[in-house]
Amino acid sequence: MSNAHFHAAAYALAASMLVLCLAGCSNDASRASLPSPSASATLSASSTNEQAGESPGSGAVVPSASLDLIVQGDPVLYSYEDLLSDVEAMAEGYPSWVSSDSLGVTADGREILHMVIGNPDATRRILITGGIHAREYMTTQLVMKQAAAFLEHARTDAARGATSYRSVLENTAIHVVPAVNPDGETISQYGLDGMRSQAVRDKLVSIAALDGAAPDYEYFRSWKANANGVDLNRQFDALWAEFQGTSHPSSDRYKGTAPGSEVESRALIDLTERERFDRTISYHTHGSVIYWYFAQTGELYDDTLAFAHDISAATGYPLDANYEALDPAGYKDWAIQSKGIPSLTIEVGVAPTPVPPEQFPTIWAQNEHVWETTLEM
Ligand SMILES: [Zn+2]
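Residues numbered from 1 in each chain as written. Predicted model: local features only at pLDDT ≥ 70, side-chain atom pairs only at ≥ 80, totals over all residues.

## Some words on the overall build of the chain
For the chain, the count of helices and strands is 13 helices and twelve strands. Expressed as a percentage of the 377 residues in the chain, the buried residues total 49%. Of all intrachain contacts in the chain linking residues separated by at least 6 positions in sequence, the fraction that spans at least 24 positions is 76%. (Helix = DSSP H or I, 4+ residues; strand = E, 2+ residues; numbered from the N terminus. Buried ≥ 20, exposed ≤ 12 C-beta atoms within 10 Å, placed from the backbone. Contact = placed C-beta atoms within 7 Å.)

## With respect to the confidence of the model for the chain
Should pLDDT be low for a region, the predicted coordinates there are not to be read in detail. On average, the chain scores 88 in pLDDT, and the residues at 70 or more come to 84%. Within the model, the stretch residues 1-57 combines pLDDT values under 50 with 98 contacts to residues more than four positions away or in other chains. (pLDDT = per-residue confidence, 0-100.)

## Some remarks on helix α3 (residues 80-93)
Since the α-helix packs 3.6 residues into each turn, any two residues three or four apart lie on the same face. The first and last C-alpha atoms of α3 sit 20 Å apart over 14 residues, in line with the 20 Å expected at 1.5 Å per residue. The element α3 is extensively covered by neighbouring structure, given that ten of its 14 residues are classed as buried. (Expected span 1.5 Å × (residues − 1).)

## A look at the sheet that holds strand β11 (residues 319-320)
Spatially, the eight strands line up as an open sheet ordered β3-β4-β8-β5-β9-β12-β10-β11, and their pairing is mixed. Lying at the two open borders of the sheet, with one neighbouring strand each, are β3 (98-105) and β11. Two elements, strand β4 (residues 111-118) and strand β8 (residues 172-177), share four bridges in a ladder whose sense is antiparallel. Among the inter-strand pairings, glycine 118 is bridged to a residue of β8, identified as alanine 173. (Pairing = 2+ DSSP bridges.)

## What to know about the environment of alanine 209
Along the chain, alanine 209 turns up in helix α7 (residues 198-210). Accessibility expressed as a C-beta count within 10 Å gives 10 for alanine 209, which makes it exposed. For alanine 209 and serine 250, which are 41 residues apart along the polypeptide, the C-alpha to C-alpha distance reads 9.3 Å.

## Description of the pairing of strand β9 (residues 279-285)
On any regular strand, side chains alternate: one points to one face of the sheet, the next to the other face. Counting buried positions along β9 yields seven of seven residues, so the element is predominantly enclosed. A two-sided burial pattern is seen for β9, the buried positions comprising Arg279, Ile281, Tyr283 and Thr285 on one face and Thr280, Ser282 and His284 on the other. In terms of strand pairing, strand β5 (residues 124-129) meets β9 through four bridges, oriented parallel. Along β9, the bridge assignment pairs leucine 127 with threonine 280. Pairing between β9 and strand β12 (residues 343-348): six bridges, direction parallel. In the strand pairing of β12, isoleucine 281 is matched with leucine 344.

## What about the packing of helix α4 (residues 138-155) against helix α12 (residues 360-367)?
Packed helix pairs are characterised by how far apart their axes lie and by the angle those axes make with each other. Two numbers describe how α4 lies on α12: the axes approach to 11 Å, and their chain directions differ by 50°. By the angle between their axes, α4 is oblique relative to α12. Crossing of α4 over α12 shows right-handed handedness. Contacts from Met138, Leu142, Lys145 and Gln146 in α4 reach Phe360, Ile363, Trp364 and Asn367 in α12. For the contact of α4 with α12, the residue count by class is five nonpolar, two polar and one charged. (Axes fitted to C-alpha atoms, helices over the stretch in contact; angles between N-to-C directions. Parallel < 35°, antiparallel > 145°, perpendicular 65-115°, else oblique. Left-handed = near helix turned anticlockwise from the far one by under 90°. Nonpolar A, V, L, I, M, F, W, Y, C, P; charged D, E, K, R; others polar.)

## Some details on the nonpolar core
Formed by 85 residues in total, the largest nonpolar core has its most connected members in Met115, Ile117, Ala147 and Leu344. No other element matches the eight residues that α4 contributes to this core. Apart from residues no more than four positions distant in its own chain, leucine 344 is found in contact with Ile281, Ile290, Tyr291, Trp292, Phe307, Ala308, Ile311 and Lys332. (Core = buried A, V, L, I, M, F, W, Y, C linked by C-beta atoms within 7 Å.)

## Section: the packing of α3 against α4
Running from N to C, α3 and α4 cross one another at 20°; their axes reach a closest spacing of 12 Å. By the angle between their axes, α3 is roughly parallel relative to α4. As for the relative orientation of α3 and α4, their crossing is left-handed in sense. In contact with Leu83, Asp86 and Met90 of α3, α4 contributes Thr140, Met144, Ala147 and Leu151.

## Brief notes about the pairing of β12
Burial analysis of β12 places six of its six residues in the buried class, the great majority of the element. In this sheet, β12 lies alongside strand β10 (residues 289-291) in antiparallel orientation, the contact comprising three bridges. Each bridged residue has a counterpart across the sheet, and for isoleucine 290 the counterpart in β12 is isoleucine 346.

## Re α7
Taking 1.5 Å as the rise per residue, α7 with 13 residues should run 18 Å; its terminal C-alpha atoms sit 19 Å apart, in good agreement. Among the residues of α7, Val200, Leu204, Ile207 and Ala208 are the ones counted as buried. Buried positions in α7, seen along its axis, are confined to an arc of 105° and lie on one side of it. Facing away from the buried side of α7 by more than 90 degrees, the exposed set consists of Gln198, Ala199, Asp202, Val205 and Ala209. At its buried positions, α7 is contacted by α6 (182-190) and α8 (217-221). Once α7 ends, the next one or two residues include glycine 212, with phi positive near 70°. (Arc of directions from axis to C-beta.)

## As for unusual backbone geometry
In this structure, the amide linkage connecting threonine 285 to the following residue, histidine 286, adopts the cis form with an omega of -5°. If you trace the backbone, histidine 286 turns up in the loop between β9 and β10. The step from threonine 353 to proline 354 runs through a cis peptide bond, and the omega angle for that step is 0°. Along the polypeptide, proline 354 turns up in the loop between β12 and α12. Backbone geometry at aspartate 74 places phi at a positive 45°, although glycine is not the residue there. Along the chain, the position of aspartate 74 falls in the loop between β2 (42-44) and α3. A count of 13 C-beta atoms within 10 Å places aspartate 74 in the partly exposed class.

Structure below.
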């Protein structure tokens with residue numbers, strides 16, 4: 001594996017499969033001086049998934065023991081490096097069931113990781129996303145734990161009712177973007193110290209000034225945007241023009257210069273237009289509520305409401321249809337209005353956000369079977 005430092009733009013073109021380079025890889029000087037979060041992992045663009053051509057499901061290479069995943073330990077804080085490590089472990093441990101790639105590179109040089117669990121060629125396709133809002137980083141941990149649990153059920157050849165997990169993986173592509181906004185999550189978790197680039201650190205300080213705030217721990221802790229100060233869930237073409245929000249780059253509610261102007265939101269738009277999902281779920285915190293309505297009518301209304309009722313039954317969360325009281329231009333709004341996809345926003349946990357780690361066991365119990373419910377298992 002090369003120890004070369006990857007130029008972000010060149011790397012974005014080259015990356016298709018991801019390999020984690022742990023201790024032993026060189027890190028660049030600016031990163032090596034940071035306290036913890038970015039020092040240990042570097043990506044390289046080569047593929048190790050030697051069995052990637054194997055057909056999913058039947059004949060799958062399945063490990064005899066559970067994968068050793070960080071997310072299964074319910075860490076107090078789940079970092080981008082933890083995510084990278086777990087995605088790598090899943091793709092290597094289940095080469096027949098998991099493929100991973102990058103949807104793009106962020107301003108601070110992180111990958112927008114994307115996994116396909118199951119059969120990439122299946123006509124049935126769903127999308128699960130987490131972490132589009134920085135301070136809602138617990139949703140990344142939740143989605144990864146859902147992935148780990150689903151794969152463990154398949155490994156042990158479990159069934160739910162009359163349906164085996166392995167058979168579902170043969171006829172379904174579960175697309176997962178666990179961290180849409182990895183820079184933002186790292187800002188909320190580690191503040192300026194978590195940033196790799198001095199230019200990004202300088203920009204964050206300038207955004208704090210625009211917000212009239214001190215660039216301190218509390219300010220960055222409640223960050224929602226990406227590293228450019230754009231709220232990624234106000235970046236979709238669903239009443240985007242009507243939404244006012246904040247007029248300058250900010251920690252929260254700045255919609256950017258156009259729908260999809262940011263690499264992270266553009267990645268979700270491109271993925272959705274390419275894959276034509278049957279259903280999507282966007283995880284957020286907090287509120288323990290399900291948003292499902294964006295003025296859709298007819299069959300789309302009926303399908304989305306039925307989906308929402310099923311997820312409500314699985315999670316115990318009530319439905320909220322009062323969309324006019326919410327900010328528009330979110331992913332779910334666009335997926336419903338422009339793409340006609342039954343789509344939900346699930347808000348997990350209760351105040352405050354970031355949701356304290358003590359809530360995670362309850363959130364897990366409420367959301368453990370959301371994938372199965374979405375797949376009508
Ligand atoms: Zn949110």
